[in-house]
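So the chains spell out like this:
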Amino acid sequence: GAVVSQHPSWVICKSGTSVKIECRSLDFQATTMFWYRQFPKQSLMLMATSNEGSKATYEQGVEKDKFLINHASLTLSTLTVTSAHPEDSSFYICSARIRQISYEQYFGPGTRLTVT
Amino acid sequence: AQKVTQAQTEISVVEKEDVTLDCVYETRDTTYYLFWYKQPPSGELVFLIRRNSFDEQNEISGRYSWNFQKSTSSFNFTITASQVVDSAVYFCALSENPGTYKYIFGTGTRLKVLA
């Protein structure tokens, strides 16, 4: 149990376009989902925390207008990178927290975004 | 402020050697959780262990063992008789509960096991 999926697993887009990444909890309801970004050979950096039905909370330095997060249901959160630029190329990982178990996050397999 | 330090950026060992990955954390809370994850080249994080702040018992799982010492704020990870398949980046993480439930990740240690 506690499986989190991400779609797509990799995406290449042109500079200036927008790309949407989906994060789904497949067999549980996720009260909270988290979005991380990981640059090559670096650690995971939390971008934002999203709670179902409310606005996402962004970490300091993350542009909320550029990284749009929607948590429309207890099993789906989406991250849209708007007007993507090459510097947005990164590995994006989502995680989900089970409603009843507060301390644990279950991670998706990640989405590799390349902006050309 | 909460912080996780993994001072070892990269470690190389020869197969069958034992290796210990260090993790030192900082937190003001009395209730917190510590985790270790493995990230192979595919990128997907693999959960290894969770430990809460009230449980200082060491744990062994096959070739893996963990040493949690609150007195030194450390949660070290040892791989015994390392194998090439252990080559990966290993992350230590801290989560506070109750709270924002955020994870604070260390910078990771890249382990290379040479045949």
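Anyway, here's the lowdown on the structure attached to this text. Every value quoted in this text rests on a predicted model; they were computed, and no experiment measured them.

## Re the state of the cysteines
As used in these notes, a disulfide is a covalent bond between sulfur atoms, one from each of two cysteines. Across all of its chains, the model carries two disulfides over all chains by this definition. Put simply, C23 of chain A and C94 of chain A are joined by a disulfide, and their sulfur atoms are 2.0 Å apart. Torsion about the S-S bond of the C23 of chain A and C94 of chain A cystine: about 80°, corresponding to right-handed handedness. Pair noted here: C23 of chain A is in strand β3 (residues 19-25) and C94 of chain A is in strand β9 (residues 90-98), with a separation of 71 residues, a long-range link. By relative accessible area, which is 0% here, C94 of chain A ends up buried. Here C23 of chain B engages in a disulfide with C92 of chain B; their sulfurs sit 1.9 Å apart. Torsion about the S-S bond of the C23 of chain B and C92 of chain B cystine: about -65°, corresponding to left-handed handedness. Highlighted residues: C23 of chain B in the loop between β3 (19-21) and β4 (24-26) and C92 of chain B in strand β10 (residues 88-96), separated in sequence by 69 residues. Looking at C13 of chain A, it has no disulfide partner, and the nearest cysteine sulfur is the one in C94 of chain A, 18 Å off.

## A few points about the packing of aromatic side chains
A full pass over the atoms with the stated rule returns 22 aromatic pairs over all chains. For the pair F107 of chain A and Y37 of chain B, a centre-to-centre distance of 5.2 Å together with 75° between the ring planes defines the contact as edge-to-face. Pair noted here: F107 of chain A is in strand β10 (residues 105-107) and Y37 of chain B is in strand β5 (residues 32-39), and the two residues belong to different chains. By relative accessible area, Y37 of chain B is classed as buried at 1%. Ring geometry for W66 of chain B versus F77 of chain B: centroids 5.0 Å apart, planes at 5°, classification stacked. Taken as a pair, W66 of chain B in strand β8 (residues 64-69) and F77 of chain B in strand β9 (residues 74-79) lie far apart in primary sequence, eleven residues in all. Residue W66 of chain B shares its accessibility class with F77 of chain B, and that shared class is buried. Taken together, the ring pairs in this structure connect Y36 and F107 of chain A together with F35, Y37, F47, F91, Y103 and F105 of chain B into an aromatic cluster.

## Notes on the pairing of strand β1 (residues 4-7) of chain A
Residue and element names in this part refer to chain A. The alternating pattern of β1 places V4 and Q6 on a buried face, while none of S5 and H7, on the opposite face, is buried. Pairing of β1 with β3 involves four bridges; the strand directions are antiparallel. The partner of S5 across the bridge, within β3, is R24.

## Some points on the interface of chain B and chain A
How big an interface is tends to be reported as the loss of accessible area on association of its parts. Each partner contributes to the interface: chain B provides 21 residues, whereas chain A provides 20 residues. Here chain B meets chain A over a buried area of about 1,600 Å², counting both sides, of which 55% is carbon and sulfur. For the chain B face of the interface with chain A, the top three residues by lost area are Y101, K102 and Y103 of chain B, together amounting to 31%. Across the chain B-chain A interface, the total number found is two salt bridges. Residues E104 of chain A and R50 of chain B are paired through a salt bridge, measuring 2.2 Å at the closest nitrogen-oxygen approach. The tally of links between chain B and chain A comes to five residue pairs in polar contact (both at pLDDT 80 or more). Put simply, the parts of the chain that give the side of chain B that touches chain A at least two residues each are β5, β6 (46-52), β10 and β11 (103-105) of chain B. Looking at the side of chain B that touches chain A, the element that brings in the most residues is β5 of chain B, giving four residues. When grouped by side-chain class, the residues that make up the side of chain B that touches chain A number nine nonpolar, eight polar and four charged.

Parameters at a glance
Residues numbered from 1 in each chain as written. Chains lettered and ligands numbered in written order. Predicted model: local features only at pLDDT ≥ 70, side-chain atom pairs only at ≥ 80, totals over all residues. Heavy atoms only, no water. Disulfide = S-S within 2.5 Å. Helix = DSSP H or I, 4+ residues; strand = E, 2+ residues; numbered from the N terminus. Buried < 20%, exposed > 50% of the residue type's maximum accessible area, 1.4 Å probe, protein only. Phe/Tyr/Trp six-rings, centres within 6.5 Å; stacked < 30°, edge-to-face > 60°. Pairing = 2+ DSSP bridges. Contact = heavy atoms within 4.5 Å. Buried area = accessible area lost by both parts, 1.4 Å probe. Salt bridge = Lys/Arg side-chain N within 4 Å of Asp/Glu carboxyl O. Polar contact = N/O pair within 3.5 Å; in protein donor to acceptor, adjacent residues only side chain to side chain. Nonpolar A, V, L, I, M, F, W, Y, C, P; charged D, E, K, R; others polar.

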